[in-house]
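# Survey of secondary and tertiary structure
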Amino acid sequence: MPDRPTQILEAAARLIARRGVRGLRVEEVSAEAGVSTALIYYHFKDRGGLLRRTLEFINQRAVRYTDAALDLSDDPRTQLTEILLRELQDVPHVRENSAAWGELRATAVFDPDLRELLATATCEWNDDLAELILRAQAADPALARTDPHAAAERLTALVEGVSERWLSGTTSLRRAHELIRGAVEAELRVG
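Anyway, here's the lowdown on the structure attached to this text. Keep in mind it's a predicted model, so treat the numbers as computed, not measured.

What counts, and where the lines are drawn
Residues numbered from 1 in each chain as written. Predicted model: local features only at pLDDT ≥ 70, side-chain atom pairs only at ≥ 80, totals over all residues. Heavy atoms only, no water. Helix = DSSP H or I, 4+ residues; strand = E, 2+ residues; numbered from the N terminus. Buried < 20%, exposed > 50% of the residue type's maximum accessible area, 1.4 Å probe, protein only. Contact = heavy atoms within 4.5 Å. Axes fitted to C-alpha atoms, helices over the stretch in contact; angles between N-to-C directions. Parallel < 35°, antiparallel > 145°, perpendicular 65-115°, else oblique. Nonpolar A, V, L, I, M, F, W, Y, C, P; charged D, E, K, R; others polar. Core = buried A, V, L, I, M, F, W, Y, C linked by side-chain atoms within 4.5 Å. Salt bridge = Lys/Arg side-chain N within 4 Å of Asp/Glu carboxyl O.

Checked against the element boundaries, E160 lands in helix α8 (residues 148-168). On the basis of relative accessibility, which here comes to 16%, the residue E160 falls in the buried class. Beyond its immediate stretch of four places on either side in the chain, E160 contacts W101, R105 and W125.

What follows is the structure, given as structure tokens:
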């Protein structure tokens, strides 16, 4: 059984994934989590605090299921591909995470606090992938010497866009994975 703050964050992530952020009310989160609204205010201060912590929670949950790809291989190219593919899995918590991330990203357009947190999380994601790209380039001198940070940014932007298409049913999961594999190959092409 998760602790109360985690239980509340899980409920908030579910509601954001299903309904978005704009109409999210603390009362709905308390009902979904099975806790009092006072407990939510105790742990998160206000709705903004709850949203910020939910974004952090979603990001940390994604790191757990994507970083598992690092154990699959010692090859940085394989690790890179697998990390990106794990962002698109037909598993309830991954779908929920992807949908909630998209909703929070859309809300950040109008919320400077969320925008800053989202920018930080995205920068960390880009940095992690850039490190793998740099390691792949070091392991294979034949690879093009593309800027690892620019390549990582292109790949994360692609994953976010493909995720929206997959979640909305306009792209199949199989096709989404093909696009990601193709993008990694294009970024790490032989020079």
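This part is about the packing of α8 against helix α9 (residues 173-187). Contact pair α8 / α9: the axes reach a minimum separation of 10 Å and the direction vectors enclose 170 degrees. Between α8 and α9, the angle is such that the two are roughly antiparallel. Where α8 abuts α9, its residues A151, R154, L155, L158, V159, V162 and W166 lie against L173, A176, L179, I180, A183, V184 and E187. Of the residues assigned to the contact of α8 with α9, the class counts are 12 nonpolar, no polar and 2 charged.

Take the nonpolar core next. Among the nonpolar cores identified, the biggest contains 27 residues, and I8, V29, I40, L50 and L104 are the most heavily contacted of them. Per-element accounting of this core gives the leading share, 7 residues, to helix α1 (residues 4-19). Those residues in contact with L50, other than ones at most four positions away along the chain, are I8, L9, A12, V29, I40 and F44. Counting 24 residues, the second largest nonpolar core, distinct from the first, contains L129, A151, V159 and V162.

As for its position among the elements, A150 is in helix α8. Counting along the chain gives 33 residues from A150 to L117, while the straight-line C-alpha distance between them is 20 Å.

So, about the pattern of salt bridges. Oppositely charged side chains can form a pair if their charged atoms are brought close together. Here the structure, examined in full by the defined rule, presents 13 salt bridges. We note a salt bridge from E28 to R19, for which the minimum N-O separation is 2.5 Å. A salt bridge links E160 to R105; the nearest nitrogen and oxygen atoms lie 3.6 Å apart. Of the two residues, E160 is situated in helix α8 and R105 in helix α6 (residues 92-108); the sequence distance between them amounts to 55 residues. Each of R14, R18 and E32 takes part in a single network of salt bridges with overlapping partners.

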